Amino acid sequence: MARRSRSILTFALALTTIAGCNQARDAVPSDLDTNRPGVLSVAASLGSPGFWDGDTPETVAGGYEWAIAIELAERFGLELEIVDVAFTDIIAGDLGGADLALAQIV
């Protein structure tokens, strides 16, 4: 499968997931157990244009994975914290203390 086709498929899957969450909005618990109460921390390998548009957690202002992170935090009624973690650490399972990671793996 061509790289572009995989990216489109990944994006379509993300949209489907978000749409599914929208249908079950009332079923989402408001007390999600996170590392820090009231905060959803998401590990990301920043500087990934199109996925995380920004080089630091303070400057991220767009991208596919950023939009998913924003939506997840809003759905659970949590504040979003972005943790910049090296991609090699993310795939090794070291999320730098974050609750979850969003990183494109092709």
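This structure is a prediction, so every number in the text was calculated from the model and none was measured.

Asks: Quick one: what's the story with a nonpolar patch on the surface, residue by residue and with numbers?
Replies: Among the surface-exposed residues, F87, I91 and I105 lie close enough to one another that they form a single nonpolar patch of about 300 Å² accessible area. Within the fold, I105 resides in the segment after strand 3 (100-101).

Asks: Please give an account of the pairing of strand 1 (residues 39-44) that cites residues and values.
Replies: When a strand is regular, its side chains alternate between the sheet's two faces. The buried fraction of strand 1 amounts to 6 of the 6 residues, a majority that puts the element mostly inside the structure. Side chains of strand 1 alternate between two faces, with V39, S41 and A43 and L40, V42 and A44 buried alike. In the sheet, strand 1 pairs with strand 2 (residues 79-84) via 6 bridges, with the strands oriented parallel. Within strand 2, the residue paired with A43 across the bridge is V83. For the crossover that starts at strand 1, traverses helix 2 (residues 64-75) and ends in the parallel strand 2, the hand is right-handed. Relative to strand 3, strand 1 is paired through 2 bridges, and the arrangement is parallel. Note on strand 3: the bridge partner recorded for A43 is A101.

Asks: Lay out the nonpolar core with the relevant residues and their values.
Replies: Among the nonpolar cores identified, the biggest contains 14 residues, and V42, L46, W52, I82 and L102 are the most heavily contacted of them. Within the residue set of this core, elements represented by two or more residues are strand 1 and helix 2. When sequence neighbours within four positions are dropped, the list of residues in contact with L102 reads V42, A43, A44, W52, E65, I68 and A69. Counting residues in each nonpolar core, the second largest holds 6 residues, with A43, V83, I90 and L95 among its members.

Asks: Tell me about the confidence of the model for the protein chain, and name the residues and values.
Replies: Mean pLDDT over the protein chain: 80, with 71% of residues reaching 70 or higher. Here residues 1-9 is a poorly scored stretch, pLDDT under 50, and it has 4 contacts once near neighbours within four places are set aside; other chains count.

Asks: Any details on the sheet that holds strand 1? Residues and values, ideally.
Replies: Where strands meet in a sheet, backbone hydrogen bonds hold them as pairs that are either parallel or antiparallel. If you walk across this open sheet you meet the 3 strands as 2-1-3, and the pairing is parallel. Lying at the two open borders of the sheet, with one neighbouring strand each, are strand 2 and strand 3. Docked against the sheet, helix 2 engages strand 1 and strand 2, running at close to 145° with respect to strand 2.

Asks: Quick one: what's the story with the pattern of salt bridges, residue by residue and with numbers?
Replies: Enumeration over the complete set of coordinates arrives at 2 salt bridges. Its salt-bridge partner being E81, residue R36 comes within 3.0 Å of it at the nearest N-O pair. A residue pair is termed long-range when its members are at least 10 positions apart, and R36 in the loop between helix 1 (3-23) and strand 1 and E81 in strand 2 qualify at 45 residues. The exposure class assigned to R36 is partly exposed, which follows from its relative accessible area of 42%. Between R75 and E71 there is a salt bridge, with the nearest N and O atoms lying 2.3 Å from each other. Highlighted residues: R75 and E71, both in helix 2, separated by 4 residues, approximately one helical turn.

Here is what the cut-offs are and how they apply
Residues numbered from 1 in each chain as written. Predicted model: local features only at pLDDT ≥ 70, side-chain atom pairs only at ≥ 80, totals over all residues. Heavy atoms only, no water. Patch = residues over 30% accessible without salt bridge, like charges linked within 9 Å, V, L, I, M, F, W, Y side chains within 5 Å. Areas by Shrake-Rupley, 256 points an atom, 1.4 Å probe, with all protein chains shown as cover. Salt bridge = Lys/Arg side-chain N within 4 Å of Asp/Glu carboxyl O. Helix = DSSP H or I, 4+ residues; strand = E, 2+ residues; numbered from the N terminus. Buried < 20%, exposed > 50% of the residue type's maximum accessible area, 1.4 Å probe, protein only. Pairing = 2+ DSSP bridges. Right-handed = clockwise from strand over helix to strand, strands pointing away. Core = buried A, V, L, I, M, F, W, Y, C linked by side-chain atoms within 4.5 Å. Contact = heavy atoms within 4.5 Å. pLDDT = per-residue confidence, 0-100. Axes fitted to C-alpha atoms, helices over the stretch in contact; angles between N-to-C directions.

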